[in-house]
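What follows is the residue order along each chain.
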Amino acid sequence: MKNEAWQAMRDKVQEELDIKGGAERVGFTDGEYFNTVANNLYPLKQRLLKHPVYKLIKDEESLKKFAELHVWSVWDFQCLLKALQVRLTCIGAPWTPTPDRQGRRLINEIVLDEETGRHWRDGEYASHFELYVEAMEAIGLDTTQIHKFISDVKEFPIRQCVVNNVPLPVQPFIQHTFEKIKQEETSALMAGFTFGREDIIPDMFRKIVEQIEMDDERFAPLKFYFMEHVEVDGERHAPMAKALIERLCGNDEKKWKEAERVGRECLEWRITLWDAIQRHLGVAHLPGVQEDTRSNMKQPGQVAKDFYSVKQPSKLDQLVATEERLSRLENKFDKLLDKLNADLT
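As the structure is a computational prediction, the values presented were derived from the model and not from experiment.

**Quick word on the packing of helix H4 (residues 60-88) against helix H13 (residues 253-280)**
Axis separation between H4 and H13 bottoms out at 9 Å; the angle between their running directions is 155°. By the angle between their axes, H4 is roughly antiparallel relative to H13. The two elements H4 and H13 cross, and the hand of that crossing is right-handed. Contacts between H4 and H13 involve Lys65, Phe66, Glu68, Leu69, His70 and Ser73 on the former and, on the latter, Arg270, Leu273, Trp274, Ala276, Ile277 and His280.

Rendered as structure tokens:
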């Protein structure tokens, strides 16, 4: 039954890609490699879905505390998705077509929904990150730091922005994502997106919605956000992501091994994030819950200490950042002067 449902989803994706009945078949393998990786990661996925954090989200106060940290992983998701779009499509000028037409369509379909998806107000659109921030504001949470972070990212290095703005418990999760973006091949990065994001998110959010009553109209935007992911990710994005990883890995056993490695890492880091949120909710350990035994994974305090060693930058870091900003302003000023001189002559 499970294989039949998966085949039906793949066929649905293919129907959307076929043009005038003549498009080539999307490059699915026979599913053997994908199923092997999915089966190997299944115990880890179940451990994530059985995490005690869900049972701690039981009232307005705990939901707010959850959102305060979780919102940063929503932004992190957008970064991972856009990194994949950059690799699989051409988003600059001059434009040139990338080789994989179907892959290009699949990733752009996902970006369309995530960057300009439905808003809870009819006829409007917003990114899922913007939806989440607005939902936080609707229940009275202060989002000043989030808006400052988004503003800072436009001007300053990401390292500085994360250290200055992001809550310390979430920083290692974000840093891991950017490590993967920098280091991994596209097929392995897609595995992290597929197994560590799109495949697991609908089940996670469904558990949150089932755990707490959100009948108060103030919670309507947040409930919309969760249910939108249950529907869109579960019915559209997950099969699209799976189709992409099968296209990228094909029958290459080495690529599938790397895909499993990165998928495992991303699931493990999601568990680490859930551990941090559990501590934020005020419960370090629940009776009867086994401690996690992650394989070959650094703990948050051990991750890139030169990157996240302190919450606030040193005076030297601040001076360097100021000099960098002044240098950029000086370059802009010089260009304006050159343009003015050119216009005068």
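**Details of the pattern of salt bridges**
Applying the stated criterion across every chain yields a total of 24 salt bridges. Here arginine 218 ties to glutamate 60 by a salt bridge, and the two come within 2.9 Å at their closest N and O atoms. In this pair, arginine 218 is assigned in the loop between helix H11 (201-211) and helix H12 (220-249) and glutamate 60 in helix H4, connecting sequence segments 158 residues apart. Between lysine 242 and aspartate 199 there is a salt bridge, with its nearest N and O atoms 3.5 Å apart. A residue pair is termed long-range when its members are at least 10 positions apart, and lysine 242 in helix H12 and aspartate 199 in the loop between helix H10 (186-198) and H11 qualify at 43 residues. What makes lysine 242 buried here is its relative accessible area of 13%. Salt bridges here are not isolated pairs; linked through shared partners, they connect Lys45, Asp199, Asp203, Arg206 and Lys242.

**Some words on the nonpolar core**
In this structure, Tyr132, Met190, Phe193, Met204, Phe226, Ile245 and Trp274 are the most contacted members of the largest nonpolar core, which totals 82 residues. The biggest single contributor to this core is H4, with 15 residues. Setting aside residues up to four positions removed in sequence, methionine 204 forms contacts with Leu48, Leu49, Tyr54, Arg270 and Trp274.

**Focus on the packing of helix H6 (residues 128-138) against helix H7 (residues 144-153)**
Following both chains from N to C, one finds H6 and H7 inclined at 150°, their axes separated by 11 Å at the closest point. On the basis of the axis angle, H6 is roughly antiparallel to H7. Contacts from Phe129, Val133, Met136 and Glu137 in H6 reach Ile146, His147 and Ile150 in H7.

**Here's the deal with the packing of aromatic side chains**
One pass over the full model with this rule turns up 13 aromatic pairs. Between phenylalanine 34 and tryptophan 256 the ring centres are 6.5 Å apart and the planes differ by 80°, which places this aromatic pair in the edge-to-face class. Of this pair, phenylalanine 34 sits in helix H2 (residues 32-49) while tryptophan 256 sits in helix H13, and the two are 222 residues apart along the sequence. Overall, tryptophan 256 belongs to the buried group, its relative accessible area being 2%. Centre to centre, the rings of phenylalanine 66 and tryptophan 274 are 5.7 Å apart; their planes meet at 70°, and the pair counts as edge-to-face. Of this pair, phenylalanine 66 sits in helix H4 while tryptophan 274 is found in helix H13, placing the two residues 208 residues apart along the sequence. Across the pair, exposure class does not vary: phenylalanine 66 and tryptophan 274 are buried alike. Taken together, the aromatic side chains of Tyr33, Phe34, Phe195 and Trp256 make up a single cluster linked through ring pairs. Across the ring face of tyrosine 54, the terminal group of lysine 207 is positioned such that the distance to the ring centre comes to 5.4 Å.

**Section: the confidence of the model for the chain**
On average, residues of the chain carry a pLDDT of 83, and 77% of them reach 70 or more. Within the chain, no element has a lower average pLDDT than helix H14 (residues 305-308), which sits at 38, and none a higher one than H13, at 97. Low confidence marks residues 17-29, where pLDDT is under 50. Its contacts with residues over four positions away, or in another chain, come to 26 contacts. Below a pLDDT of 50 lies the segment residues 285-313, which in the model reaches 54 contacts outside its immediate sequence neighbourhood of four places, other chains included.

**Regarding unusual backbone geometry**
That bond from alanine 93 to proline 94 is cis: its omega, 5°, falls within 30 degrees of zero. Structurally, the position occupied by proline 94 is in the loop between H4 and helix H5 (101-115).

**Looking at the side chain of asparagine 165**
Position of asparagine 165 among the secondary structure elements: in helix H8 (residues 158-165). Within the local environment of asparagine 165, its side chain forms a polar contact with the side chain of glutamine 145, the two groups lying 3.0 Å apart.

**Quick look at the side chain of glutamate 198**
Within the secondary structure layout, glutamate 198 lies in helix H10. Of the buried charged residues, glutamate 198 lacks a salt bridge, with arginine 197 as the closest side chain of opposite charge at 8.9 Å. Reaching out from glutamate 198, the side chain makes a polar contact with the side chain of histidine 237 at a distance of 3.5 Å. When sequence neighbours within four positions are dropped, the list of residues in contact with glutamate 198 reads Phe77, Ile110, Glu114, Phe193, Asp233, His237, Ala238 and Ala241.

What counts, and at which threshold
- Residues numbered from 1 in each chain as written.
- Predicted model: local features only at pLDDT ≥ 70, side-chain atom pairs only at ≥ 80, totals over all residues.
- Heavy atoms only, no water.
- Axes fitted to C-alpha atoms, helices over the stretch in contact; angles between N-to-C directions.
- Helix = DSSP H or I, 4+ residues; strand = E, 2+ residues; numbered from the N terminus.
- Parallel < 35°, antiparallel > 145°, perpendicular 65-115°, else oblique.
- Left-handed = near helix turned anticlockwise from the far one by under 90°.
- Contact = heavy atoms within 4.5 Å.
- Salt bridge = Lys/Arg side-chain N within 4 Å of Asp/Glu carboxyl O.
- Buried < 20%, exposed > 50% of the residue type's maximum accessible area, 1.4 Å probe, protein only.
- Core = buried A, V, L, I, M, F, W, Y, C linked by side-chain atoms within 4.5 Å.
- Phe/Tyr/Trp six-rings, centres within 6.5 Å; stacked < 30°, edge-to-face > 60°.
- Lys NZ or Arg CZ within 6 Å of the ring centre and 35° of its normal.
- pLDDT = per-residue confidence, 0-100.
- Polar contact = N/O pair within 3.5 Å; in protein donor to acceptor, adjacent residues only side chain to side chain.
- Lys, Arg positive; Asp, Glu negative; His and termini not counted.

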